[in-house]
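Residue strings, one per chain:
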Amino acid sequence: MTEKESQIEALRAEALGCQDCGLWETRTHVVFGEGNPNSPLVLIGEGPGETEDKTGRPFVGRAGQLLDECLYACGIARKHIFITNVVRCRPTLVSETGRLQNRPPTADEASACVSGWLEPILGTIQPLVILCLGGPSASVVIHRGFKITSERGKFFESRYAPYAIAGLHPAYILRQEGAAYDQARESLIMDIEAARKKVIEAKKEPPRTLF
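The structure reproduced in this document is the subject of the present report. (Residues numbered from 1 in each chain as written. Predicted model: local features only at pLDDT ≥ 70, side-chain atom pairs only at ≥ 80, totals over all residues. Heavy atoms only, no water.)

**Describing the overall build of the protein chain**
Here's step 1: Of regular secondary structure, the protein chain possesses 8 helices and 8 strands.
Here's step 2: By the compact-globule yardstick of 17 Å for 211 residues, the protein chain fits well, its C-alpha radius of gyration being 16 Å.
Here's step 3: When the backbone C-alpha atoms are referred to their principal axes, the protein chain occupies close to 55 × 45 × 30 Å.
Here's step 4: Summed over its atoms, the accessible surface of the protein chain is roughly 10,500 Å², and 51% of this surface lies on carbon and sulfur atoms.
Here's step 5: Put simply, the protein chain has 25 plus and 26 minus side-chain charges, and the middle of one group is 4 Å from the middle of the other. (Helix = DSSP H or I, 4+ residues; strand = E, 2+ residues; numbered from the N terminus. Rg over C-alpha atoms; globule rule 2.2 N^0.38 Å. Areas by Shrake-Rupley, 256 points an atom, 1.4 Å probe, with all protein chains shown as cover. Lys, Arg positive; Asp, Glu negative; His and termini not counted. Charge placed at Lys NZ, Arg CZ, Asp CG, Glu CD.)

Written as structure tokens, this is what we have:
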């Protein structure tokens with residue numbers, strides 16, 4: 001086990017008992033993240049959904065299956081990268097029918113999880129490239145108020161990595177139909193491929209330690 005792997009496992013063990021915000025009261029599992037801590041590429045979504053909460057693994061529902069397909073199209077498997085979210089517990093609300101529904105994390109929930117867990121994770125991994133999945137993730141990693149419709153597919157410098165890029169969230173793509181679905185899916189593949197190529201370029205540059 002490498003030093004990074006040991007540090008990530010120590011963080012994971014600590015995060016399983018986290019009570020830094022109110023989300024711990026309704027979670028089933030902490031969804032810490034998974035993959036290769038030695039990878040130069042990290043993918044970051046917004047937060048776990050119902051299937052992720054049940055399993056403790058990120059991106060394992062329908063959106064996760066689509067993400068795996070798009071990664072595979074670029075020759076990438078999960079073991080090659082690290083995947084996590086802005087928050088590690090599922091934010092929910094009770095619908096009119098009494099069922100739990102997903103909701104965006106509040107600013108306080110996101111802030112607690114970013115400072116408590118996301119920053120230590122990224123500080124340990126020190127990725128060369130981050131691919132944000134969706135605007136909320138990009139608003140945390142790249143800059144506030146990120147506009148996914150006009151800024152996706154472009155590289156930015158982030159305090160968390162020399163290069164950060166945002167693509168459409170797989171859950172958003174699944175809500176599209178027909179040609180719109182095909183176009184959205186292809187755009188995510190293009191952004192994953194751009195991130196992969198940027199890793200190759202970044203490896204040739206002098207190393208940079210960020211935050």
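**Some remarks on the packing of aromatic side chains**
Here's step 1: Applying the stated rule across the entire model yields 2 aromatic pairs.
Here's step 2: Between Phe146 and Phe156, the aromatic rings sit 5.7 Å apart at their centres with planes inclined by 70 degrees, giving edge-to-face as the arrangement. One end of the pair, Phe146, is in the loop between helix H5 (135–141) and helix H6 (148–151); the other, Phe156, is in strand E7 (residues 156–158), and 10 residues separate them in sequence.
Here's step 3: According to the relative accessible area criterion, Phe156 is partly exposed, its value standing at 22%.
Here's step 4: Cation over ring: Lys198 sits above Phe155, and NZ or CZ is 4.9 Å from the ring centre.
Here's step 5: Lying over the aromatic face of Tyr163, Lys198 brings its terminal NZ or CZ to 4.8 Å of the ring centre. (Phe/Tyr/Trp six-rings, centres within 6.5 Å; stacked < 30°, edge-to-face > 60°. Buried < 20%, exposed > 50% of the residue type's maximum accessible area, 1.4 Å probe, protein only. Lys NZ or Arg CZ within 6 Å of the ring centre and 35° of its normal.)

**What about the nonpolar core?**
Here's step 1: By size, the foremost hydrophobic cluster in this structure holds 57 residues, and its most contacted members are Leu43, Ile130 and Ile192.
Here's step 2: Examining the composition of this core, we find that 8 residues originate from one element, helix H4 (residues 107–125), more than from any other. (Core = buried A, V, L, I, M, F, W, Y, C linked by side-chain atoms within 4.5 Å.)

**Let's talk about the environment of Ala107**
Here's step 1: You can see Ala107 is positioned in helix H4.
Here's step 2: In this structure Ala107 comes out as exposed when scored by relative accessible area, which is 63%.
Here's step 3: For the pair formed by Ala107 and Val129, sequence separation is 22 residues and the distance between their alpha carbons is 25 Å.

**Describing the side chain of Lys198**
Here's step 1: Along the polypeptide, Lys198 turns up in helix H8 (residues 178–202).
Here's step 2: Note on Lys198: relative accessible area 16%, which makes it buried.
Here's step 3: Here the side chain of Lys198 touches Glu201 through a polar contact of 3.2 Å, side chain to side chain.
Here's step 4: Aside from chain neighbours lying at most four places away, what touches Lys198 is Val129, Phe155 and Tyr163. (Polar contact = N/O pair within 3.5 Å; in protein donor to acceptor, adjacent residues only side chain to side chain. Contact = heavy atoms within 4.5 Å.)

**Notes on helix H1 (residues 3–15)**
For an α-helix the count is 3.6 residues per turn, leaving residues at separations of three or four pointing the same way.
Here's step 1: The end-to-end C-alpha separation of H1 is 18 Å, in line with the 18 Å expected for 13 residues at 1.5 Å each.
Here's step 2: Along H1, the positions that sit buried rather than exposed are Ile8, Leu11 and Ala15. Angularly, the buried residues of H1 cover 60 degrees about the axis, an arc narrow enough to put them on a single face. The exposed set on the far side of H1, more than 90 degrees from its buried face, consists of Glu3, Ala13 and Glu14. (Expected span 1.5 Å × (residues − 1). Arc of directions from axis to C-beta.)

**Quick word on the side chain of Asp53**
Here's step 1: With respect to the helices and strands, Asp53 occurs in helix H2 (residues 50–55).
Here's step 2: Look at Asp53: it is buried, it has no salt bridge, and the nearest opposite charge is Arg90 at 4.7 Å. (Salt bridge = Lys/Arg side-chain N within 4 Å of Asp/Glu carboxyl O.)

**Examining unusual backbone geometry**
Here's step 1: Phi at Phe59 takes a positive value of approximately 50 degrees, unusual for a residue other than glycine.
Here's step 2: Structurally, Phe59 is set in the loop between H2 and helix H3 (62–73).
Here's step 3: For Gln126, which is not glycine, the phi torsion reads 50 degrees and is therefore positive.
Here's step 4: Judged by relative accessible area, which is 27%, Gln126 ranks as partly exposed.

**Overview of the sheet that holds E7**
Here's step 1: The 6 strands lie next to each other as E1-E3-E2-E6-E8-E7, forming an open sheet whose pairing is mixed. Two strands in the sheet have a free side with no partner beyond their single neighbour: strand E1 (34–35) and E7.
Here's step 2: For strand E2 (residues 41–45) and strand E6 (residues 129–133), the ladder comprises 4 bridges, and the chain directions are parallel. Note on E6: the bridge partner recorded for Ile44 is Cys132.
Here's step 3: Sheet strands in contact with H8 are E2, E6 and strand E8 (161–167), and its direction is about 170 degrees off that of E8. (Pairing = 2+ DSSP bridges. Axes fitted to C-alpha atoms, helices over the stretch in contact; angles between N-to-C directions.)

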